[in-house]
Amino acid sequence: MNKRVVIGMSGGVDSSVAALLLKEQGYDVIGLFMRNWRETDDNGSCTAEEDFCDVKSVSSTLGIPYYTVDFSHEYMDKVFMQFVDYYKRGLTPNPDVLCNKEIKFSCFAHYAKQLNADFIATGHYCNVLKSSEHTYLTRAVDENKDQTYFLNQVSEQQIENVIFPVGNMVKGEVRKLAEKYGLSTADKKDSTGICFIGERKFREFLANYIPMREGDIKTLDGHIVGKHNGVYYYTVGQRKGFGLGGAGNGEPWFVIDKDVEKNILYVNQGECDRLFSNEILTKSFNFITERPQNMEFRCQVRIRHRQPLQTATAKLEGDNVRIIFDTMQRAVARGQYAVLYNDNVCLGGGEIDIVK
RNA sequence: GGCUCCAUGGUCAAGCGGUUAAGACAUCGCCCUUUCACGGCGGUAACGGGAGUUCAAUUCUCCCUGGAGUCA
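A short tour of the structure in this document, coming up. Here the structure is a predicted model, which is why all the values come from computation and not from measurement.

## Overview of helix α6 (residues 171–180)
An α-helix turns once every 3.6 residues. As a result, residues three or four positions apart point the same way.
Inference 1: Residues of α6 that are buried include every one of K171, V174, L177 and A178, and no others. All buried residues of α6 lie within an arc of 125° about the axis, which places them on one face of the element. Among the exposed residues of α6, those pointing more than 90 degrees away from its buried face are K176, E179 and K180.
Inference 2: Positioned one or two residues after α6, G182 has a phi angle of 65°, which is positive.

Laid out in structure tokens, this is it:
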């Protein structure tokens, strides 16, 4: 009896090829398409429909059964509510990190278990490394596509029976393979935007959930230089979207800080020291596999997806971790995650709570 | 009210009789990207109005209009 793998199929190339590889490796493969957001996109079209068509197409090419499941209630409760709440509080949430923790490696995994799966799989670019007693999450071979950042909140238990078939491939190889096997998704554009929701005009999208509230845009020394529709729509370091142009030294303006209580957006023309920091405190840090032995250790860190790894010193402080970077970091946003690495191993991550 | 300046794209700002009327910031599009951002590359977009002078006016003169400053 072949081992059964339930693979999350999004309708993209990566999960298509992941399914292909599993099939080739002789697993009993079942495709599962998740539908977690019930709305059309900005253009009024429903990409979920198109994606599901691709899942059907690829599944039939591969000769595997497929199912569809709807976790939109769970997604709303466990991911989207917090997302909105964070923005209301002036933070910059990362819904995709939560989505992996709560939906893909939780709801999805439980559902797969009901289908008698021995393993679950996804098209994520990352890997698992097994030692005699532990399982570690490791970076993808394709540096450019590594998605471990988004998995920083999962637990060892959640990845113990997970297979990431494309984790040791580069994107080009994935597409070639898809083409070779005639998968309909071979040339499909990579999807971006919030997972399951897609690319949106962000402020307009947020305005559906957080009412606009006009306020002043001020310089750091208190001069009013414009008006905004709500500080929560903006992220520290942001340049576009508040219409400040001309005058001064001709440099672009950047968001430096936000005062949610007073509804003031602080900006500066050109980058300035206030935009940079080399020390942060993360809260309720999640170590995926094991808590480090030393209270203080050297490591690599990234504070945003795809940021090149930054060298730093980490200090354990209870459930929190203080991180002191070797070099200044630009636009550290509260609500995002600082994710630690020890070379290829992703140690885990914590939400950025305080930026010094 | 007198006098003196100023008037170019959304904003700031080059230009100094013949230019495809710079550039920056904003804005828009594309690229990058399973968060939000950053970033890269492109596009749209202007001579306040009316008379003159001149072969030729954004460029010179006058008037109007609209700003700014200054003086009783």
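On we go.
## Considerations on the sheet that holds strand β8 (residues 215–219)
Inference 1: Read across the sheet, 4 strands follow the order β9-β8-β11-β10 without closing on themselves; strand pairing throughout is mixed. Two strands lie at the open edges of the sheet, namely β9 (224–228) and β10 (253–259), each paired on one side alone. Each strand axis lies, on average, 30° off the axis of its neighbour in the sheet, ignoring direction.

## Things to note about the environment of A48
Inference 1: Within the element layout of this structure, A48 appears in helix α2 (residues 47–62).
Inference 2: Each C-alpha atom, one on A48 and one on F196, is 8.0 Å from the other, the two residues being 148 residues apart in sequence.
Inference 3: Dropping the residues within four chain positions of it, A48 is found in contact with F33 and R35.

## Focus: the pattern of salt bridges
Inference 1: What the rule picks out here adds up to 19 salt bridges.
Inference 2: Of the charged contacts, one joins E49 and R35 as a salt bridge, the two residues approaching to 3.4 Å between their closest N and O atoms. In this pair, E49 sits in helix α2 while R35 sits in strand β2 (residues 28–35), placing the two residues 14 residues apart along the sequence.
Inference 3: In this structure E49 comes out as partly exposed when scored by relative accessible area, which is 43%.
Inference 4: Salt bridges sharing common partners tie together D14, K145, K171, R175 and D190.

## As for the pairing of strand β5 (residues 126–130)
Inference 1: The pairing of β5 with strand β6 (residues 135–139) spans 5 bridges and is classified as antiparallel. Looking at β6, one finds that N127 is bridged to T138.
Inference 2: Joining the antiparallel neighbours β5 and β6 is a turn of 4 residues.

## Topic: the nonpolar core
Inference 1: In terms of nonpolar packing, the biggest core is built from 53 residues, with V6, Y75, F80, F83, I103 and L137 touching the most fellow members.
Inference 2: Mapped by element, the contributors of at least two residues to this core are β2, α3 (72–88), α4 (95–114), α7 (202–207), β10, β11 (264–269) and β16 (337–342).
Inference 3: Not counting residues up to four positions away in its chain, the partners in contact with F83 are P93, P95, I194, F202, F205 and L206.
Inference 4: Residues A18, I64, V166 and A178 belong to the second largest nonpolar core, which totals 28 residues.

## Quick notes on α3
Inference 1: The largest bend along α3 reaches roughly 35° and is located at F80.
Inference 2: Those residues of α3 that sit buried are S72, Y75, V79, F80, F83, V84, Y86 and Y87.
Inference 3: Where α3 is buried, its residues meet β2, β3 (66–70), α4, α7 and β17 (345–355).
Inference 4: G90 lies just past α3 and shows a positive phi near 85°.

## Concerning the sheet that holds β2
Inference 1: As summarised here, the arrangement of the 5 strands in space is β3-β2-β1-β4-β7, forming an open sheet in which the pairing is parallel. Either end of the sheet is taken by a strand with one partner, and the two such strands are β3 and β7 (162–163).
Inference 2: Relative to strand β4 (residues 119–121), strand β1 (residues 4–8) runs parallel, the two sharing 3 bridges. Within the sheet, the bridge partner assigned to V6 lies in β4 and is I120.
Inference 3: In the packing of α4 onto the sheet, contacts are made with β1, β2, β3, β4 and β7, and the angle to β4 comes to roughly 135°.

Procedures and definitions
- Residues numbered from 1 in each chain as written.
- Chains lettered and ligands numbered in written order.
- Predicted model: local features only at pLDDT ≥ 70, side-chain atom pairs only at ≥ 80, totals over all residues.
- Heavy atoms only, no water.
- Buried < 20%, exposed > 50% of the residue type's maximum accessible area, 1.4 Å probe, protein only.
- Helix = DSSP H or I, 4+ residues; strand = E, 2+ residues; numbered from the N terminus.
- Arc of directions from axis to C-beta.
- Pairing = 2+ DSSP bridges.
- Axes fitted to C-alpha atoms, helices over the stretch in contact; angles between N-to-C directions.
- Contact = heavy atoms within 4.5 Å.
- Salt bridge = Lys/Arg side-chain N within 4 Å of Asp/Glu carboxyl O.
- Core = buried A, V, L, I, M, F, W, Y, C linked by side-chain atoms within 4.5 Å.
- Bend = angle between axes of the 7 residues up to and from the residue.

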